[in-house]
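Residue-level listing of the chains:
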Amino acid sequence: MKKMLIVTVVCFMMGIQFLNVEEVTAAKKDEKLVIHIITTEFETETDDGKEIEVYRWDPGTVFVPKGQEVTLSFFGVKGKEHPFYIEGTDVKGNVKKGEETMINVRFDKTGIYRIVCTAHETIDQNGPMIGYIVVK
Ligand SMILES: [Cu+2]
């Protein structure tokens, strides 16, 4: 039991170590940061037998450093296609199943920018398929 605890603590500390390495790598200004986002889908059935589903960006929230050019890589996994725009910018695109859509962006102002899929924007449209880019 004591051994298990020690192993757990060591694994936890190594996890923290890896996290630090990750942050240092991502913070390098001369390297292009690529942020990967996929399209996914959740399905379930309510108690009265109604099937409901929602399309999502995954991850639903990403963090981008202000003033740094980053590449957003969207890969279509679930759903035929997802036309989208990024609020507060002129960025528009479309993500199709099995295809990767790459977009280079730079945000010069801090804030929260929403990635809105126009096909699944609301609950009625099997959404909300809205992601959040946090620029800090
Ligand atoms: Cu969509």
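One structure accompanies this document, and this report is about it. Everything numeric here is computed off the predicted structure, so don't read it as measured data. All chains use their own residue numbering, which begins from 1 and follows the written sequence. Totals for whole chains, interfaces and linings use all residues, but because this is a predicted model, local features are given only for residues with pLDDT of at least 70 and pairs of side-chain atoms are given and counted only at 80 or more.

## Focus: unusual backbone geometry
Comment: phi is negative for the bulk of residues other than glycine, and the bulk of peptide bonds are trans. Basically, it comes down to this: Numbering of helices and strands starts at the N terminus; helices are DSSP runs of H or I of at least 4 residues and strands are runs of E of at least 2. Here a residue counts as buried when 20 or more other C-beta atoms sit within 10 Å of its C-beta, as exposed when there are 12 or fewer, and as partly exposed otherwise, the C-beta atoms being derived from the backbone.
Between Asp-58 and the following residue, Pro-59, the backbone shows a cis peptide bond with an omega angle of 0 degrees. That bond from Gly-127 to Pro-128 is cis: its omega, 5 degrees, falls within 30 degrees of zero. Here Pro-128 is to be found in the loop between β8 (111–117) and β9 (130–135). With phi around 60 degrees, Asn-126 is a residue other than glycine that occupies positive phi space. Relative to the helices and strands, Asn-126 is located in the loop between β8 and β9. For Asn-126, a count of 20 C-beta atoms within 10 Å gives the class buried.

## Regarding the sheet that holds strand β5 (residues 81–86)
Worth spelling out the cut-off: DSSP bridges decide pairing: two strands pair if at least two such bridges lie between them. All axes here are fitted lines through C-alpha atoms, helices being fitted over the stretch that makes contact, and every angle between N-to-C directions spans 0 to 180 degrees.
Reading across from one edge, β3-β9-β8-β5-β6 is the order of the 5 strands in this open sheet, with mixed pairing throughout. In this open sheet, the two strands that pair with only one neighbour each are β3 (61–64) and β6 (92–96). Within the sheet, the average angular offset between the axes of one strand and its neighbour, ignoring direction, is 25 degrees. As paired elements, β5 and β8 share 3 bridges and run antiparallel to each other. Considered in β8, the bridge of Phe-84 is made with Cys-117.

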